[in-house]
Amino acid sequence: MPSLHAYFEESTLKHSWDDIARVFWNRYPNPFAKHISSDDVLQRKVVGKKMFSTRLIVKNGVLPKWGEFMFKDTSGKYLVIENSVVDPVKKTITTYTRNVSLTSFSSLEEKCTYKPSADNKGWTVCERSALSSSSVRLLAPQIVSFAMSRYRHSVVATDRGWSFVVNKFEGSPINSVLAALARSGVTKQAKLVRP
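Summary of the structure given here. (Residues numbered from 1 in each chain as written. Predicted model: local features only at pLDDT ≥ 70, side-chain atom pairs only at ≥ 80, totals over all residues. Heavy atoms only, no water.)

## Comments concerning the side chain of Glu-110
Quick note on the threshold: In this text, helices come from DSSP runs of H or I with a minimum length of four residues, and strands from runs of E with a minimum of two, each type numbered from the N-terminal end. Each residue is assigned to one of three classes by its accessible area relative to the maximum for its type, calculated with a 1.4 Å probe on protein chains only: buried under 20%, partly exposed between the two thresholds, exposed over 50%. Under this definition, polar contacts are N or O atom pairs within 3.5 Å; protein pairs additionally need one hydrogen-donor-capable and one acceptor-capable atom, and for neighbouring residues in sequence, both atoms have to be side-chain atoms. Residues count as neighbours in contact if any of their non-hydrogen atoms are within 4.5 Å of one another.
With respect to the helices and strands, the residue Glu-110 is situated in strand β6 (residues 107-116). Looking at Glu-110, the relative accessible area reads 18%, which means it is buried. A distance of 2.7 Å separates polar atoms of two side chains, one belonging to Glu-110 and the other to Tyr-151. Among all residues touching Glu-110, those that are not within four sequence positions of it are Thr-95, Tyr-96, Thr-97, Arg-128, Ser-129, Ala-130 and Tyr-151.

Listed below in structure tokens is the structure:
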């Protein structure tokens, strides 16, 4: 019988939803996500006013000593699929993330919804839920406990990473140019082309 553990949390990012949406595709690399070695878009499409994307994220990680005996040939790299829906009309970004590596050992599924804070429109709330499970006989409770402990630790780093990336983007030359164009009213006529 599988062992399960659920986690729910709401955190507040002291950045506007527009800022979070602007940097969503550029949140890696950042010093608070050193375990992410790469991310690639597998599919992206716009349906109506919503953008649907699927990304493959490669993470670095170490199994606990008591779990290494189950996987003799691990490179320390693990694959994660992230499906996301960006809805600029409702101002929501919803991500669904799940591991596709080591699923015989443990499974972790996460849903995050980013939306403007009801208390402060200049801030963004992230509603986060996660479910960890394992069917490994005798070790399932330890595996699930280990996975959720790591997950809770990574949530803190994720929120710090958002702030880092937003602040980095605010200081970038391209953002300065866009801000100047917006102040001058030229943005409707200008077309930005990136190399």
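Once the structure has been displayed, the description carries forward.
## Concerning the packing of aromatic side chains
Filter applied, for reference: Aromatic contacts are taken between Phe, Tyr and Trp rings whose centres are within 6.5 Å, Trp giving its six-membered ring; a plane angle under 30 degrees counts as stacked, one over 60 as edge-to-face, and the others as tilted. Both a distance and an angle decide whether a charge sits over a ring: NZ of Lys or CZ of Arg must be within 6 Å of the ring centre and within 35 degrees of the ring normal.
Scanning the model with the defined rule gives five aromatic pairs in all. Relative to Trp-25, the ring of Phe-24 lies with its centre 4.5 Å away and its plane at 80°, an arrangement referred to as edge-to-face. You can call Trp-25 partly exposed: its relative accessible area is 22%. One aromatic cluster is present, built from ring pairs that chain together Phe-24, Trp-25, Tyr-114 and Trp-162. Taking NZ or CZ as reference, Arg-55 lies 5.9 Å from the ring centre of Phe-24, over its face.

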